[in-house]
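Here is how the chains run, residue by residue.
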Amino acid sequence: MGHAAKIAIVDDEQDMRQSISQWLALSGYETETYSSAEDALKGLGSDFPGIVISDIKMPGMDGMAFLKRLMGMDSSLPVIMITGHGDVPMAVEAMRMGAYDFLEKPFNPDRMSDLAKRASNARRLTLDNRALRKELSDGTVLMRKLIGSSPAMERLREDILDLGQADGHVLIDGETGTGKTLVAHALHAVGPRQGKTFSLISCASLAEDALEERLFGLCTDGLPLVEEARGGTLVLEDIDALPHALQARLLTFINDQGAPAETRIIAIAGGADPSKTCEEHLRSDLYFRLAAMRLALPPLRQRGEDILSLFTHFAEQFSDDYGSEAPTVTAQEAAQLLQAPWPGNVRQLINLAERAVLQQRRGTGSIASLLMADTEETTLHAVSTEGKPLKEYVEAFERMLIDNTMRRHRGSIASVMEELSLPRRTLNEKMAKYGLSRSNYL
């Protein structure tokens, strides 16, 4: 949990200010009190991390004028107005001007706490979304999110800075979980289109007619995406799932734009069918238009030491979130992380770091058991980008993990089952499959 939510209380009557403040402080809020609207305006900015409770009737600037000023500063700031008994028309007018809600005197303190809680949650969501939008439009922030000092990542960051400045369409390819959507955001944010529209849709998320409507048709709720993204960037995730008829429409749209293109298209290969490449899924004329510039994201297993720095980075983040110690990685666990097949890439590593922190809090389990569970769930038909089936990586890793663990525990089946979180039958089957015999370790 983060810090206590803030509440600014504005009322010219000292008793009223104090009683509201005390009650809300008991409910766990951090309160600030002001005796006039003028004072409050000096203390509140547009990113005030909380909500405002204000009386309507005050000398000097009254609550209505104050509300108007606050709404002009930040229209999504929740303001709860306190009205005298029978002042309902005024309260209704305040709601019309953008107040979050109102409380009629004398009010029930529980109702106030309930309102404060709902308004504070709404505020937190607004500020989180704002921070996220700012992050996604700030190229330097996004580039810092592409963590890693491996040659593959150094090259990727340079490519993003180069291609970000160019006009041509881009195809981003790479295994699932490598961060393709993040790279699309970065390409938009480091180039001249930063600040222009950034529209994104997954071609696999809608049925063909709904997708056609959203992309090219007359949408009931606003413009079709090709219009909405005009002058900016249109990102098509899972481009290999784009139906054939729509591929033709997209090609026409690209050809009609001429060069340089007004709207830049970033296509992201989704690997919907691992047995076929993106090129095999698309009409060749469309593929060559979209792949004018191509970025292939490296799979995590090819990023060497990056794996350890990423794991440490995310484990520290999660231990902050959960208020616990970050897990220490032993030399043997570091070796396991470096040799793991990572079928789900960075996304899998982030999940694993979170589970390692939770496990550490409970004082159970090991990193090896988490990796084993992940490789267990791997879809074995998955194919990696280097053409060598991922299945081979997974099997080599499983064999190494069982072999090393058996050796360390000198053939104690019970200890190996515990460390790898494997039931006896599964362990027996895997040992038979990999030709490992207990007698070799005794």
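The preceding data block contains the structure.
Below you will find a few notes about this structure. The structure presented is a predicted model; accordingly, all values stated were derived computationally and were not measured. Here the residue index of a chain counts from 1 through its sequence in written order. Only residues with pLDDT of at least 70 get local features here, since the model is predicted, and only at 80 or more are side-chain atom pairs given and counted; chain-wide, interface and lining totals rely on the full set of residues. The side-chain figures draw on all heavy atoms in the structure; neither hydrogens nor water molecules are used.

## Remarks on the sheet that holds strand E9 (residues 264-268)
What counts here: Here the rule is simple: two strands pair whenever DSSP picks up at least two bridges between them. Helix and strand assignments follow DSSP, with helices taken as H or I runs no shorter than four residues and strands as E runs no shorter than two, numbered in order from the N terminus. Between N-to-C directions, angles cover 0 to 180 degrees, with each direction set by a line fitted to C-alpha atoms, over the stretch in contact for helices. Contacts are residue-level and defined by heavy atoms, with any inter-residue pair within 4.5 Å sufficient.
The strand order across the open sheet formed by five strands is E7-E8-E9-E6-E10, and the pairing between neighbours is parallel. Every other strand in the sheet has two partners, leaving strand E7 (198-202) and strand E10 (293-296) as the edge strands with one partner each. Strand-to-strand twist in this sheet, taken as the mean axis angle between neighbours without regard to direction, amounts to 15 degrees. Summarising the sheet, strand E6 (residues 170-173) and E10 pair through four bridges and their orientation is parallel. Within the sheet, the bridge partner assigned to Leu171 lies in E10 and is Arg294. Relative to the sheet, helix H7 (residues 151-165) contacts E6, E9 and E10, its axis offset from that of E10 by approximately 155 degrees. Sitting on the sheet, helix H9 (residues 208-215) is in contact with E7 and strand E8 (233-237), with an inclination near 175 degrees to E7.

## A short note on the environment of Ile7
Inclusion rule: Only protein chains enter the accessibility calculation, which uses a 1.4 Å probe; a residue is then buried when its area is under 20% of its type maximum, exposed when over 50%, and partly exposed in between.
Assignment of secondary structure puts Ile7 in strand E1 (residues 6-10). For Ile7, a relative accessible area of 0% corresponds to the buried category. Not counting residues within four places of it along the chain, the set of residues in contact with Ile7 comprises Leu24, Tyr29, Glu30, Thr31, Glu32, Ile51, Ile53 and Ala116.

## Topic: the nonpolar core
Rules: Definition of nonpolar core: a set of buried residues of the types Ala, Val, Leu, Ile, Met, Phe, Trp, Tyr and Cys, connected through side-chain atoms within 4.5 Å.
Ranked by internal contacts, the top residues of the largest apolar core, which has 38 residues, are Phe311, Leu337, Trp342, Leu349, Leu371, Ile402 and Leu420. Those elements giving two or more residues to this core turn out to be helix H14 (306-322), helix H15 (331-339), helix H16 (345-362), helix H17 (367-377), helix H18 (390-408), helix H19 (413-420) and helix H20 (424-433). A total of seven residues in this core trace back to one element, the largest contributor, which is H14. Discounting chain neighbours no more than four positions away, the residues touching Ile402 are Met372, Leu420, Leu427, Lys430, Met431 and Leu436. Counting 27 residues, the second largest nonpolar core, distinct from the first, contains Leu171, Ile201, Leu242 and Leu251.

## Quick notes on the pairing of E8
Each regular strand displays side chains that alternate between the two surfaces of the sheet. Cut-off, in case you're wondering: With its strands directed away from the observer, a crossover is right-handed exactly when the path from the first strand over the helix to the second travels clockwise.
Along E8, five of the five residues are buried, which leaves the element largely enclosed by surrounding structure. Residues Thr233, Val235 and Glu237 point to one face of E8 and Leu234 and Leu236 to the other, with burial holding for every one of them. Sheet analysis places E7 next to E8, joined by five bridges and oriented parallel. Looking at E8, one finds that Phe198 is bridged to Thr233. In this fold, the crossover linking E8 to E9 by way of helix H11 (residues 244-257) has right-handed handedness.

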